[in-house]
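A closer look at the structure
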Amino acid sequence: MNLGETIKHFRKKKNFSLDKLANHTALSTSFLSQAERNITSPSINSLKRVAAALSIPVAAFFLKEDPRGIIFIKKADKKKPSFCDILTTDIINVKIRPMLCTLAKGQDTRKKLISHNGEEAGILIKGRVDLKIDREKHHLNTGDSFYLVRPKAHKLINVGNSKAVIFLVIST
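Residues numbered from 1 in each chain as written. Predicted model: local features only at pLDDT ≥ 70, side-chain atom pairs only at ≥ 80, totals over all residues. Heavy atoms only, no water.

1. Topic: the overall build of the protein chain
- Counting its regular elements, the protein chain contains four helices and eight strands.
- For the protein chain, the sequential pattern of α-helices and β-strands runs α-α-α-α-β-β-β-β-β-β-β-β.
- Relative to its 172 residues, the protein chain shows a buried fraction of 37%.
- Taking the intrachain contacts of the protein chain between residues at least 6 apart in sequence as the baseline, contacts between residues at least 24 apart amount to 60%.
- For the protein chain, the accessible area works out to roughly 10,700 Å², and carbon and sulfur atoms hold 53% of it. (Helix = DSSP H or I, 4+ residues; strand = E, 2+ residues; numbered from the N terminus. Buried < 20%, exposed > 50% of the residue type's maximum accessible area, 1.4 Å probe, protein only. Contact = heavy atoms within 4.5 Å. Areas by Shrake-Rupley, 256 points an atom, 1.4 Å probe, with all protein chains shown as cover.)

2. Brief notes about unusual backbone geometry
- Residues other than glycine seldom take positive phi values, yet Ala-26 does so here, at roughly 60°.
- By relative accessible area, which is 61% here, Ala-26 ends up exposed.
- Positioned with a positive phi, Ser-55 is a non-glycine residue whose angle comes to about 60°.
- Of note, Ser-55 is situated in the loop between α4 (44-54) and β1 (84-86).
- When its relative accessible area of 42% is taken as the criterion, Ser-55 is described as partly exposed.

3. A few points about the pattern of salt bridges
- In the structure shown here, the tally under the stated rule is two salt bridges.
- Its salt-bridge partner being Glu-36, residue Arg-11 comes within 2.5 Å of it at the nearest N-O pair. Here Glu-36 lies in helix α3 (residues 29-36) and Arg-11 lies in helix α1 (residues 3-13), a separation of 25 residues in the sequence. For the pair shown, Arg-11 and Glu-36 are each scored as buried. (Salt bridge = Lys/Arg side-chain N within 4 Å of Asp/Glu carboxyl O.)

4. Some words on the pairing of strand β3 (residues 120-126)
- Both β3 and strand β6 (residues 145-148) contribute to a ladder of four bridges, which runs antiparallel. Considered in β6, the bridge of Gly-122 is made with Phe-146.
- Note: β3 against strand β8 (residues 164-171), six bridges, orientation antiparallel. Note that in β8 the partner of Ala-121 across the bridge is Val-169. (Pairing = 2+ DSSP bridges.)

5. Details of the side chain of Lys-155
- Checked against the element boundaries, Lys-155 lands in strand β7 (residues 154-158).
- On the basis of relative accessible area, Lys-155 is assigned to the buried category, the value being 10%.
- Contacts of Lys-155, omitting those with residues within four sequence positions, involve Asp-108, Thr-109, Arg-110, Lys-111, Lys-112, Leu-113, Asp-130, Leu-131 and Lys-132.

6. Concerning the side chain of Thr-25
- If you trace the backbone, Thr-25 turns up in helix α2 (residues 18-25).
- Classification of Thr-25 by relative accessible area gives buried; the value is 5%.
- In terms of polar contacts, Thr-25 uses its side chain to reach the backbone amide nitrogen of Leu-27, at 3.2 Å.
- Residues in contact with Thr-25, not counting those within four places in the same chain, are Leu-32, Arg-49, Val-50 and Ala-53. (Polar contact = N/O pair within 3.5 Å; in protein donor to acceptor, adjacent residues only side chain to side chain.)

7. Brief notes about the sheet that holds β8
- Across the sheet, which stays open at both edges, the five strands sit in the order β1-β2-β8-β3-β6 with antiparallel pairing between neighbours. Here the strands that pair on one side only, and so sit at the sheet edges, are β1 and β6. Each neighbouring strand pair of the sheet contributes to a mean axis angle of 20°, computed without reference to strand direction. (Axes fitted to C-alpha atoms, helices over the stretch in contact; angles between N-to-C directions.)

8. Observations regarding the environment of Arg-49
- Within the secondary structure layout, Arg-49 lies in helix α4.
- The class for Arg-49 is partly exposed, based on a relative accessible area of 31%.
- Here the alpha-carbon distance between Arg-49 and Ala-26, two residues 23 residues apart in the chain, equals 8.3 Å.
- The contact partners of Arg-49, leaving out residues within four places of it in the chain, are Thr-25, Ala-26 and Leu-27.

Rendered as structure tokens:
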């Protein structure tokens, strides 16, 4: 998709007419129509206004989206991971956040127990970990999985003799 088609895609996804988008951005309907048809190129300032009206980040206009609605994120475009490689991007509003985490022997996902909104699921691909929830510890071995419907304060700790690999999915 080119820039104009992308603007139109997000506008329609939000169920905005050109007039409604014009009212929310203080840009003319004519200008927006020309931008969607690639007759004119909007400035960064105009894109910021359109993005704000559509409740999306400006960078969303530049993602490579497949016509089937698939977004591809190249390794070079992702943030450098610490121990968890986030498989989506912060550029768009995602409903789920899949992560592939690798913990060294004795490493944990965080120093303190934390809680967050949303649900969380995980499967231990390799190794042995403890899932600490409040004061409880649950031992997980390769192939074990968990699902937290109402996540309480928790963290994962690698208790094995080698690295542990965990695939996590968190709803946002």
